[in-house]
Amino acid sequence: MRTELQALARRVRHEDPQGWQAVEALVAELPEIARRGDARGDLDADLWDRVPAGVFNRINMPPAYGGAALTATALRRAMVFEHVGRVCPAVPIGLPGPGLSTPPVDALGTPAQKQAYFDAFIASPGPRWGAFAITEPQGGSDATAMRTVARRSPDGDYVLDGQKCFISSGARADAVVVFATLDPAKGRFGVRAFWVDKGTPGFHVDRCEDMLGLRASQLAALSFTGCRVPAERMLGHTGARGPLIDAFAGAQSAWDYMRPALAAGINGACLGLLEHAGDLLAQGEAGTDPRRLAAIRAGLDEFGARVEAARLLALRAAWRFDRGERISPDASMAKAHSSTLAMALALRLAAWFPERAARRGERIERFCRDAKGFDILEGTGDMQRLMLARAAEARTAH
Ligand SMILES: Cc1cc2nc3c(=O)[nH]c(=O)nc-3n(C[C@H](O)[C@H](O)[C@H](O)COP(=O)(O)OP(=O)(O)OC[C@H]3O[C@@H](n4cnc5c(N)ncnc54)[C@H](O)[C@@H]3O)c2cc1C
């Protein structure tokens, strides 16, 4: 596997040298960007003077619409996220580009909508962010119970009313894909997705959360009050009969698309933290008691093996995604396993290096806070396990 991944990295470097250089430029700056991003809850405003924003605007975008070759497949995305996550897993979540809004636009949009949506990222001279807004204040795990409504006005436009919360890069987003229901009684079948631009009357950024971890991802609370969206901005607009595609499936496609890469980023973080712990051990930070040192070494070995297992899960999910297979259970398994592992590793590191865990802004201290964020975003660990249990039940029932 290692040789194949190295070959893939060489191929990507060859096909997209500009993209690869931009990622390396980011990685070189990442330890400092991550520290400041955590302290301030934002990315450096002058980061884009040093790192080419244009490359990041094209990351996670379909290649057919000009997306970077660097992230053209799920395996490539996993490779890049693991590489960057090794230095810092938090900052990538707040980077520019369409991000999580890519899959619903790609899955639901008409060719003209996709062209217009992605062209805006390519044409942007500076960083441009896209956001994906489904979670609501009364609970995000059951997304089908959403209360944000879209009413059809007599002139054919849609009017959105409701609130969204915990939206990654929601305050800086230039375009947001917002999920709303035409009829709450219809559950998932009432759901539609709308492309709403920053500055649209009735669309407000209420606040950014002062987060525990993953602080640079800048989660925002958004509200929509009589927010008028032209009919052509409903994704999959097909005239009077409405969209032919199930919009909730567009949200699910986002999770399948992103979870393998997210899991890979978390695995990268675990690998980076294990290396960091090895360095601290070598520098004598864990003291000199031979029994304590032996226990820490054994613990590091055990976690090393668990991370390798998590990497296999993430790469299998990515590989199956690229083969066009249905990967929801694989993606859930990979994401749940990686984030549970990250939380367990964070607690062990805090026990082994308590001073590092107690000092605000230290890498281990930050990891303890970030790890919980990983468990929650894109569906909590509880929900992933619930889904896996249901899938297992369904298999045994047949
Ligand atoms: C860093 C970060 C980035 C995020 N980015 C985005 C984004 O870009 N867009 C977006 O729309 N959302 C985003 N979210 C929101 C995220 O998807 C939700 O927080 C998540 O789905 C959980 O929803 P909730 O917080 O409302 O918790 P709830 O759904 O209220 O759940 C609360 C607790 O109850 C548990 N629980 C709920 N239902 C069940 C059940 N049936 N069985 C067992 N346990 C259950 C959950 O596991 C959780 O521990 C982000 C969150 C974070 C932390």
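What you see is a predicted model, and the numbers here were worked out from it, not measured in a lab. (Residues numbered from 1 in each chain as written. Predicted model: local features only at pLDDT ≥ 70, side-chain atom pairs only at ≥ 80, totals over all residues.)

Colleague: Please explain the site of the ligand as it appears in this structure.
Modeller: Around the ligand, 24 residues are found, and the nearest of them are Gly140, Ser141, Leu377, Thr380 and Asp382. Looking at the shell around the ligand, the elements with two or more residues in it are strand 1 (130–133), strand 3 (158–167), helix 12 (363–376) and helix 13 (381–397). A domain split of the shell around the ligand shows at least three residues from each of domain 2 (130–245) and domain 3 (248–397). (Near = placed C-beta within 6 Å. Helix = DSSP H or I, 4+ residues; strand = E, 2+ residues; numbered from the N terminus. Domains from an automatic or database assignment.)

Colleague: I'm lost on the packing of helix 5 (residues 74–85) against helix 9 (residues 290–322) in this one. Help?
Modeller: How two helices pack is summed up by the angle between their axes together with the distance between the axes. Orientation of helix 5 relative to helix 9, taken along the N-to-C sense of each, is 150°, at an axis distance of 7 Å. Here helix 5 lies roughly antiparallel to helix 9, going by the angle between them. In this structure, helix 5 uses Ala74, Leu75 and Ala78 to contact helix 9, whose residues at the interface are Ala314, Leu315, Ala318, Trp319, Phe321 and Asp322. Here the contact of helix 5 with helix 9 is built from residues that sort into eight nonpolar, no polar and one charged. (Axes fitted to C-alpha atoms, helices over the stretch in contact; angles between N-to-C directions. Parallel < 35°, antiparallel > 145°, perpendicular 65-115°, else oblique. Contact = placed C-beta atoms within 7 Å. Nonpolar A, V, L, I, M, F, W, Y, C, P; charged D, E, K, R; others polar.)

Colleague: Hey, could you run me through unusual backbone geometry in this one?
Modeller: In this model, Ser169 sits at a positive phi of 55°, which is unusual for a non-glycine residue. Among the secondary structure elements, Ser169 is positioned in the loop between strand 3 and strand 4 (175–181). Even without a glycine there, the phi angle at Gln218 is positive, about 50°. Mapping Gln218 onto the fold places it in the loop between strand 6 (203–208) and strand 7 (220–229). Residue classification places Gln218 among the buried positions, given that 24 C-beta atoms sit within 10 Å. (Buried ≥ 20, exposed ≤ 12 C-beta atoms within 10 Å, placed from the backbone.)

Colleague: Could you clarify how one ought to interpret helix 2 (residues 17–40) in this entry?
Modeller: Working note: α-helix, 3.6 residues per turn, so residues spaced by three or four point in the same direction. Along its 24 residues, helix 2 runs 32 Å from first to last C-alpha, staying within 8% of the 34 Å computed at 1.5 Å per residue. A maximum bend of about 60° is found in helix 2 at Leu30, where proline Pro31 lies one to four positions downstream. For helix 2, the full list of buried residues reads Gly19, Trp20, Ala22, Val23, Leu26, Leu30, Ile33, Ala34, Gly37 and Asp38. Next to the buried residues of helix 2 lie helix 1 (2–15), helix 3 (47–50), helix 4 (53–57), helix 5 and helix 12. At the C-terminal side of helix 2, Gly41 shows a positive phi close to 70°. (Expected span 1.5 Å × (residues − 1). Bend = angle between axes of the 7 residues up to and from the residue.)

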